[in-house]
Each structure stands twice: as C-alpha cells, then as structure tokens.
Amino acid sequence: MIRFFVTMLSLLCFTITSQAQTKTEKIDFTGMRGRGIEVKKIDRSGVILLFDGGKDTINVPAFYDKKGNEEAALRMYYGNILTIKGKQSKIKEIHFKFATKAKTKLTTLKVIPKGMMSLKRIKKDIDIWSSLNGVDSVMFILGDGNQVRIKTIDIVYETLPSDSVVLTISAARHATLYYSNKTFTIPQGVVARTYKIEDNMLKLSKKYVSGDVLPKDMAVVLEADEGRYTFWMTEKQGEKDEKNVLKGTDDNCQTTGGTIYYGFSNGKKGVGFYWRKADGGAFENGAHKAYIAYTPSSTAQAKSYLVFDTATGVHLTAFQESQMEDEPTYNLAGQRVGKDYKGIVIIRGKKYLRK
C-alpha cells in the first residue's frame, strides 16, 4: 500500500461569517470589584484576551480596585504577556488608557504582531495605541520598567464577510485550493501555482502572486509561511490556465477524469502529489482541495508520486521547479549567482541541476 507512507497535511480551514463590519470592543477594568484578582482570559464576541505571567511567576496580571489615590486598573508587571486574538475577525487598532498615576512609558510595551504596525502615543504617559494592518492576533510583552496599570483597552476589529475564505497553512508551507464558483484576490504573502505534466514530471505552468485574481474553477497549489490568510471574493474574472492539470472538488467526492489519481500530501519525497491507493486508483477527495487526474501513455511507467523538490546531495534532479526562482541561489563554491547561471546550484541548502 502506498498510503502508509503518506502523511496528510492540514491543508484547509475556512470560516464563514456575516457581512464585513468594523466594530469596537471596550474592555473596562475600572468597574471590576476585588483586589489582587488574577486575570487569565477575557472572552468577548469579537476578540479574546489572554493574560500570562510570562517570566514572572509571582507577579501575574491581576485586577486591583480603587484604593486611596490609586485608580482601579489591571496591573501588569515586567515580563507579563497580553495576547489579543480575533474571533473570526481581523484586528485593526488597539487603544490603551493607563491610570494617571502610573509611571507608564511608551517603551514599556513591546508589540509583536503578525503584520505591519506602528506604536503611537496620544497623551504623554496616558494613552498609546497600535495601528495594525488587519492581523489575526497580536502579543504585547511588558518590557523594561516597573509595572503598568491599564484602565481600559479599546479594540477595533473587522468581521470577515460571508464571501471570504480564511485558509490556514501549516508548517509544511503548502496547501491547495479549489472553488468552482468563486473568484478570489490572492492575499499578501501567498503565491499560487498551476502545473502541467511533461515526461512524467510535474512542471510549473503559471504563477499567481499577491493581488492577482485567482479564477473560479481552477485548482492551485499555494505556498506561504505558516499562518492564516484571508481570500476575498472579487467580481473580476482573472486569467485561467488552460494547461493546468490540477483538478478539484467542492465537496468530499470521488476523483474523476483520468486513469491514475494523485492526492496532495506530505510524504517520503516531500510535499507533492501521491497515490492514495496502491494502484493509483480513484479516491475520495476533500472539499475545496486539489488532486491530479493523469492518463499516461503507459500505466506501468507512471510514478506513484509527483513532487516539487526531489533533489538530494547524491541524485541530482534537473532544475524544473521555478517556484524557487526568487530564492537566493549559490554555486558549489558558496558564491551567490543569478538566475542565468547554469550547472549545479544550491537553493535552500539542496542541490539542483539548472539547465
């Protein structure tokens, strides 16, 4: 059985929500009661706030109510961590308001978002805010200094519309996507590729980058860093690749259209397309995922896998995969070379024969 060595990827997760809206969630610590009460999690309709002691296992994020001249606030200490995550939403802005008496400095909060951001101060030692480029989550770590006392946190977020698809790409950095009736704009950080088969080899046919339109009824292989990406529907048509051998299904159903079938997997030869059955027979493909239906001249000569990167230090493979054309390339002497260099090259630590 071929299937025993194939480890399936977690290729696709999508979330459907209501029409896109911009909303603000206000977290107010001034109305809480009690003193020294540890705060671990605040769950609201659009966002989740997670609090962690981080480096400090004794002084953890905790609520302190009003006492004397001290205002009621959430107190965080050096090394404490606050993570804010969107719930089926993208975070746009985060506003902090600190207790007036607190010795808060702009540099005390280190922001670690997945996306572009800027940190600005509205009023000295009182208000700061982060403008985020629509991220899924953002982490704040209390850096150098003593402690901060937060009165309120206002989080501006945008809900995802019903005509968008949120796709999760795993650590394998690849996934597939197919919709028969939806056309998408490719998000930032994602590259989509179609493929053709020549001489029983899988070769790049067409590449689509961020901002390009991904036509409906066209299956693709996606490459991106691990994370979540939003594909927004568009009324534009896009340019379809007629040479593309990738097919797809909207539902879980049997593959059709060829004599040998390959499913997208992470197997012994790396990320690529593998037989799901020992004879390459038809199988049940997952919803909105790609597969290959192939009819070779001789089934006896057909490979049980078609992968993008089969090169090793011993068996050099011809450099067929231009999906890495933008990667730094070196010769055997360790010198960086250009795209026109011919011969053995090293890309991502592996050897290729570039013809």
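Because the structure is a prediction, the values reported are computed rather than measured. (Residues numbered from 1 in each chain as written. Predicted model: local features only at pLDDT ≥ 70, side-chain atom pairs only at ≥ 80, totals over all residues. Heavy atoms only, no water.)

### Focus: the overall build of the chain
- Broken down by element type, the chain carries 0 helices and 32 strands.
- Relative to its 355 residues, the chain shows a buried fraction of 48%.
- Considering only residue pairs separated by 6 or more positions, the chain has 72% of its internal contacts joining residues 24 or more positions apart.
- When the accessible area of the chain is evaluated, it comes to approximately 17,900 Å², of which 48% is carbon and sulfur surface. (Helix = DSSP H or I, 4+ residues; strand = E, 2+ residues; numbered from the N terminus. Buried < 20%, exposed > 50% of the residue type's maximum accessible area, 1.4 Å probe, protein only. Contact = heavy atoms within 4.5 Å. Areas by Shrake-Rupley, 256 points an atom, 1.4 Å probe, with all protein chains shown as cover.)

### Re the environment of Leu74
- By the element assignment, Leu74 lies in strand E6 (residues 73-77).
- The exposure class of Leu74 is buried, given its relative accessible area of 0%.

### Some thoughts on the side chain of Thr152
- Tracing the sequence through the fold places Thr152 in strand E13 (residues 147-159).
- Once you skip the residues sitting within four places of it in the chain, Thr152 turns out to touch Lys26, Ile27, Asp28, Phe29, His95, Phe96 and Lys97.

### Thoughts on the pattern of salt bridges
- Applying the stated rule across the entire model yields 8 salt bridges.
- A salt bridge links Arg44 to Glu25; the shortest N-O distance between them is 3.6 Å. With Arg44 in the loop between strand E3 (41-43) and strand E4 (47-52) and Glu25 in strand E1 (residues 22-28), this pair connects stretches of sequence that are 19 residues apart.
- For Arg44, a relative accessible area of 29% puts it in the partly exposed group. (Salt bridge = Lys/Arg side-chain N within 4 Å of Asp/Glu carboxyl O.)

### Here's the deal with the sheet that holds strand E14 (residues 164-169)
- Reading across the sheet, the 4 strands line up as E14-E21-E16-E19 and stay open at both edges, with antiparallel pairing between neighbours. In this open sheet, the two edge strands, each paired with only one partner strand, are E14 and strand E19 (213-214). (Pairing = 2+ DSSP bridges.)

### Considerations on the packing of aromatic side chains
- Going through the model one piece at a time under the given rule, you end up with 8 aromatic pairs.
- Here the aromatic rings of Tyr261 and Tyr291 are separated by 6.4 Å at their centres, their planes lie at 45°, and the arrangement is tilted. Taken together, the residues Tyr261 in strand E24 (residues 260-267) and Tyr291 in strand E27 (residues 289-294) connect sequence positions 30 residues apart. There is no split in this pair, since Tyr261 and Tyr291 are both buried.
- Here the aromatic cluster, defined as three or more aromatic residues joined through ring pairs, consists of Tyr179, Phe184 and Phe231.
- Cation over ring: Arg75 sits above Tyr64, and NZ or CZ is 4.3 Å from the ring centre.
- Over the face of the ring belonging to Tyr208 we find Lys206, whose NZ or CZ atom lies 5.4 Å from the ring centre. (Phe/Tyr/Trp six-rings, centres within 6.5 Å; stacked < 30°, edge-to-face > 60°. Lys NZ or Arg CZ within 6 Å of the ring centre and 35° of its normal.)

### Digging into the side chain of Asn244
- When you line up the elements, Asn244 lands in the loop between strand E21 (227-233) and strand E22 (246-249).
- You can call Asn244 buried: its relative accessible area is 14%.
- Within the structure, Asn244 has its side chain in polar contact with the backbone nitrogen of Tyr195 (distance 3.2 Å).
- From its side chain, Asn244 meets the backbone oxygen of Ala219 in a polar contact 2.9 Å long.
- Not counting residues up to four positions away in its chain, the partners in contact with Asn244 are Thr194, Tyr195, Met218 and Ala219. (Polar contact = N/O pair within 3.5 Å; in protein donor to acceptor, adjacent residues only side chain to side chain.)

### Let's talk about the nonpolar core
- Ranked by internal contacts, the top residues of the largest apolar core, which has 26 residues, are Phe29, Leu49, Leu82, Ile84, Ile94, Ile150 and Ile153.
- Top element by residues in this core is E13. It accounts for 5 residues.
- Among residues more than four places away in sequence, those in contact with Ile150 are Phe29, Ala73, Leu74, Met76, Phe96, Lys97 and Phe98. (Core = buried A, V, L, I, M, F, W, Y, C linked by side-chain atoms within 4.5 Å.)

### Observations regarding the confidence of the model for the chain
- Here the chain shows a mean pLDDT of 76. Residues at 70 or above account for 72%.
- No element of the chain has a lower mean pLDDT than strand E10 (residues 117-123), which averages 47, and none a higher one than E22, which averages 96. (pLDDT = per-residue confidence, 0-100.)

### Here's the deal with the sheet that holds strand E17 (residues 191-198)
- Reading across the sheet, the 4 strands line up as E15-E20-E17-E18 and stay open at both edges, with antiparallel pairing between neighbours. Every other strand in the sheet has two partners, leaving strand E15 (174-177) and strand E18 (201-208) as the edge strands with one partner each. Averaged over all neighbouring strand pairs, the angle between strand axes comes to 40°, with direction disregarded.
- Sheet topology places E17 next to E18; 7 bridges connect them, and they run antiparallel. Note on E18: the bridge partner recorded for Ala192 is Tyr208. (Axes fitted to C-alpha atoms, helices over the stretch in contact; angles between N-to-C directions.)

### Overview of the environment of Ile91
- Its place among the elements puts Ile91 in strand E8 (residues 89-98).
- What makes Ile91 buried here is its relative accessible area of 0%.

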